[in-house]
Amino acid sequence: MSVARPAAGRWPTDSISFGGDYNPEQWSPEVWVEDVALMREAGVDLVTVGVFSWALLEPEPGRYEFGWLDQVLDLLHAGGIRVDLATATASAPPWLARLHPEVLPVAEDGTRYAIGGRQTWCPSSPVYRERSLLLVEQLAARYGQHPALAMWHVSNELGCHNVHCFCDVSATAFRAWLQRRYGTGEAGLAELNRAWGTAFWSQHYGDWAEVGVPRRTTATGNPTQRLDFLRFSSDALLEQYEAEASVLRRVTPEVPVTTNFMVTSHQWAMDYGTWAAGQDVVSNDHYLDHRLPDPHAELSFCADLTRGLAGGGPWLLMEQATSAVNWQPVNVAKRPGETLRDSLVHVARGADGVCFFQWRASVAGAEKYHSALLPHAGTRTRLWREVRELGRALRSIDEVRGTRVQADVAQLFDHQAWWACDAPNRPSELMGYTDAGRAVHRALRAAGVTSDVVPVATPDLAGVLAAHRVVVVPTLHLCTDATAAAVADAAAAGATVVVTCSSGIVDEDDHVRPGGYPGAFADLTGVRMDQFHPLPAGERLELENGWAGTVWSEEGTVDDDVEVVARVTAGPLPGQPAVTRRPLPGGGAAWYVATQLDDASWAALLDRVLQEVGVGPAAVAPAGVEVVRRVSADGERSYLFCLDHTGAEQRVAARGVELITGATVDGEVTVPARGAAVVRETAG
Ligand SMILES: [Zn+2]
């Protein structure tokens, strides 16, 4: 779309933004007055208002009630608090489903969902689109000039619950999407038959009317049909975003527009790489997932990926929890210090704003046990004290805003590779798309080395990769020719490349690249594997140099100029190459890793790679202390973030001024237990 975007890059506040979702409709006007006073006490300067307000703003079709929202925005403005105003379209009111039952989404098995949850609408519904845009038009007209308005917040967590709809309306929209991809008429259908490989299992389509959404099937459905449906579903929600954003940009071209992403371990359905360009400010919601073995390693990974989506620039943490969430089997609360520390991990990795769900803890509704800035117990609480401390700490590091995170390592990320890799009927269900990428990131983080997690849709991908000393390609199962060329270009420019198994296997149609694995990276790495040998759960692959792997091994050969760094000693095929290194004419090397290395082996391999290219840690720090550096564009100022995960006070080598305490740092900075230190560095 060709909408002018003068607001791009404009920050919603004049500071590192601090605040959260504010849902005043759950409270009386007397409480609103207290809320604003307490927000000021905490140092809150940005709140998101109206996310779930549609049913109250438009209690019946076409009758709008804005009085209460007028009052709330005026109160916030009088308190000096800026507003990220939601379009309120995230959850439709019950009357929409009563009058138009066809807006209710349908599950893969044909079940139609009922109202009572949230996001109960079909992404392709023209009725929903029309009604939602009427509301957005009203909001833009009424509040576009309100002095509290800092940013527009389109919908909320688009795709959290309704991304894949299998209704007939969606099927029609899917066919239209396919005709845009493959062409219309007989020629388009022939191209679809080719791409989907319908010669197999007698699936050849003779008429567009036979083509549908991938509903429940007897045997495994067509993989490319599934892949295209995942692409279509992400695009359908992106289209809803763009439709709302285009109304807002027409009415208020100067106001930045965002929607909050969910870059996290378990959200995989939105191809954010294709969404990022449409955001004036990239914003993200992140919640620690205590179902994972190392939730804080995942936090850092997601923050680095969000920065990648923001093109390396600043981004806004739109939601996180001050303490526990309410949607995991056991909802772990944060211990003293952790609210501030986890917030500053996001800032260290590029966030220029720290916001939470939500301001005041609800007493009713599905999220009443979700923590908030202001807990049920009120202000005489440790949590409230820590919220105020966080507000003060963010003000003390305001000068960090606008600086960029320093990283010499890039690792590629792609939602479409995730979709293709984790599909049914793959060689091993133990091979998960994110496993190798997270393992590499975990090892680097433990070594004090920051990596940029770069989406493959990044503009000038080759240039971005070539600006790094090391490029890691983890499990890039689906890889286009363009992405493979960008990696090869970076290698030619001198980068060292590390490719892991299950990369380069299929093209964008999910067709296997013939000639040996890793397909798209076979020439670069000089590796020609001809069979996968997945390992049963619990079985280890032992390598001659003491390294070890699980899940995966391969059988094949390497070219003459390839050094075999480690061969298999115990596994399905002893003697097979498991880790290889090919020197490149550009001065770097192309590594290939044919198994899922364990953490110790990744640490050893990456240590060798980093030594070869001369990349060291941001600072010498004890194990369990996360260190990241942010640097100003002119290189004049640098800030070292030290974040303790050991639970004990630690010391890190540094010189300068610690900004939160104001203390001079002459050789070593003290990092509080489960706390953070931010040093404005001086040389010497
Ligand atoms: Zn639908």
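Residues numbered from 1 in each chain as written. Predicted model: local features only at pLDDT ≥ 70, side-chain atom pairs only at ≥ 80, totals over all residues. Heavy atoms only, no water.

Novice: Got a minute to help me understand the pattern of salt bridges in this structure?
Specialist: It is possible for side chains of opposite charge to pair when their charged atoms get near one another. Following the criterion strictly, the structure yields 45 salt bridges and no others. Linking Arg 349 and Asp 304 is a salt bridge whose minimum nitrogen-to-oxygen distance equals 2.8 Å. In this pair, Arg 349 sits in the loop between helix 11 (338–348) and strand 9 (351–356) while Asp 304 sits in helix 10 (residues 295–309), placing the two residues 45 residues apart along the sequence. Accessibility assignment for this pair places Arg 349 and Asp 304 in one class, buried. When the shortest N-O distance is used, the salt bridge between Asp 599 and Arg 442 registers 2.8 Å. (Salt bridge = Lys/Arg side-chain N within 4 Å of Asp/Glu carboxyl O. Helix = DSSP H or I, 4+ residues; strand = E, 2+ residues; numbered from the N terminus. Buried < 20%, exposed > 50% of the residue type's maximum accessible area, 1.4 Å probe, protein only.)

Novice: I keep staring at the sheet that holds strand 20 (residues 577–583) and nothing clicks. Help me out?
Specialist: Each strand in a sheet pairs with another by means of backbone hydrogen bonds, the pair being arranged parallel or else antiparallel. In space, the ten strands of this open sheet follow the order 12-11-13-14-21-20-19-16-17-22, with mixed pairing throughout. Because the sheet does not close on itself, it has two edges, and the strands there are strand 12 (451–455) and strand 22 (596–597). With three bridges connecting them, strand 16 (residues 540–543) and strand 17 (residues 548–550) associate as antiparallel partners. Pairing of Arg 540 across the sheet is with Thr 550, part of strand 17. Helix 10 rests against strand 11 (409–413) and strand 12 of the sheet, and its axis sits at about 55° to strand 12. (Pairing = 2+ DSSP bridges. Contact = heavy atoms within 4.5 Å. Axes fitted to C-alpha atoms, helices over the stretch in contact; angles between N-to-C directions.)

Novice: Please explain the UniProt feature "domain: Beta-galactosidase trimerisation" (unreviewed entry) in the chain as it appears in this structure.
Specialist: Here the UniProt-annotated "domain: Beta-galactosidase trimerisation" (unreviewed entry) positions come out as residues 407–615. Across residues 407–615, helical content stands at 28% and strand content at 28%; the span's end C-alpha atoms are separated by 10 Å. (UniProt positions renumbered as here; feature names shortened; annotations may be inferred.)

Novice: Explanation requested: the nonpolar core in the structure shown.
Specialist: One broad rule of soluble globular proteins: the nonpolar side chains tend to lie buried together. The biggest cluster of nonpolar side chains holds 137 residues, and the ones touching the most others in it are Val 49, Leu 76 and Ile 397. Val 49 has contacts with Tyr 22, Pro 24, Leu 69, Val 72, Leu 73, Leu 76, Val 83, Asp 84, Leu 85 and Ala 86, leaving out every residue within four places of it along the chain. Ala 439, Val 470, Val 613 and Val 615 belong to the second largest nonpolar core, which has 29 residues in total. (Core = buried A, V, L, I, M, F, W, Y, C linked by side-chain atoms within 4.5 Å.)

Novice: Teacher, can you tell me more about the coordination of the zinc ion here?
Specialist: Reference geometry at the metal: tetrahedral coordination by four donors gives ideal angles of 109.5 degrees; octahedral coordination by six donors gives 90 or 180 degrees. Every protein donor of the zinc ion is accounted for by Cys 122 (SG), Cys 165 (SG), Cys 167 (SG) and Ser 170 (OG), and the metal-donor separations fall at 2.1 to 2.2 Å. In this structure, the zinc ion is coordinated by four donor atoms arranged in tetrahedral fashion, with angles at the metal of 93 to 119°. Written as a sequence motif, the donor arrangement for the zinc ion is C-x42-C-x1-C-x2-S. Placement of the pair is Cys 122 in the loop between helix 4 (94–99) and helix 5 (126–143) and Cys 167 in the loop between strand 4 (149–153) and helix 6 (168–182), with a sequence separation of 45 residues. (Donors = N, O, S within 2.8 Å, 3.2 Å for Na, K, Ca; no water. Tetrahedral: all angles 85-135°; square planar, octahedral: opposite > 155°, others 65-115°.)

Novice: I would appreciate a short explanation of the domain arrangement of the chain in the present structure.
Specialist: Note: interface size is frequently given as the accessible area lost on complex formation between the parts. Segmenting the chain into domains produces domain 1 (17–164 + 256–396), domain 2 (168–212), domain 3 (407–613) and domain 4 (625–681). The centre of domain 3, based on its C-alpha atoms, is set 33 Å off from the matching centre of domain 4. (Domains from an automatic or database assignment.)

Novice: Which parts of the structure should I look at to understand the UniProt feature "binding site: Zn(2+)" (unreviewed entry) in the chain?
Specialist: UniProt annotation of "binding site: Zn(2+)" (unreviewed entry) refers to Cys 122, Cys 165 and Cys 167 when read in the numbering used here. Annotated residues spanning 46 residues; largest pairwise C-alpha distance 8.0 Å, indicating a single compact cluster. Beyond its immediate sequence surroundings of up to four residues, Cys 122 is in contact with Val 103, Pro 105, Tyr 128, Cys 165, Cys 167 and Ser 170. By the secondary structure assignment, Cys 165 is in the loop between strand 4 and helix 6. Here Cys 165 is in contact with Pro 105, Val 106, Cys 122, Pro 123, Ser 170 and Phe 229, once residues within four sequence places are set aside.

Novice: Quick question: what am I supposed to make of the packing of aromatic side chains here?
Specialist: The description of an aromatic ring pair rests on the distance of the ring centres and on the angle between the ring planes. All told, the structure shown has 27 aromatic pairs when counted by the stated rule. When the ring of Phe 229 is compared with that of Phe 232, the centres are 5.9 Å apart and the planes differ by 35°; the resulting orientation is tilted. One end of the pair is Phe 229 and the other is Phe 232, both in helix 8 (residues 223–251) and three residues apart, which spans about a single turn. Exposure remark for Phe 229: the relative accessible area of 2% places this residue in the buried category. Relative accessible area serves as the criterion here: at 5%, Phe 232 is assigned to the buried category. Cation over ring: Arg 360 sits above Trp 27, and NZ or CZ is 5.3 Å from the ring centre. (Phe/Tyr/Trp six-rings, centres within 6.5 Å; stacked < 30°, edge-to-face > 60°. Lys NZ or Arg CZ within 6 Å of the ring centre and 35° of its normal.)

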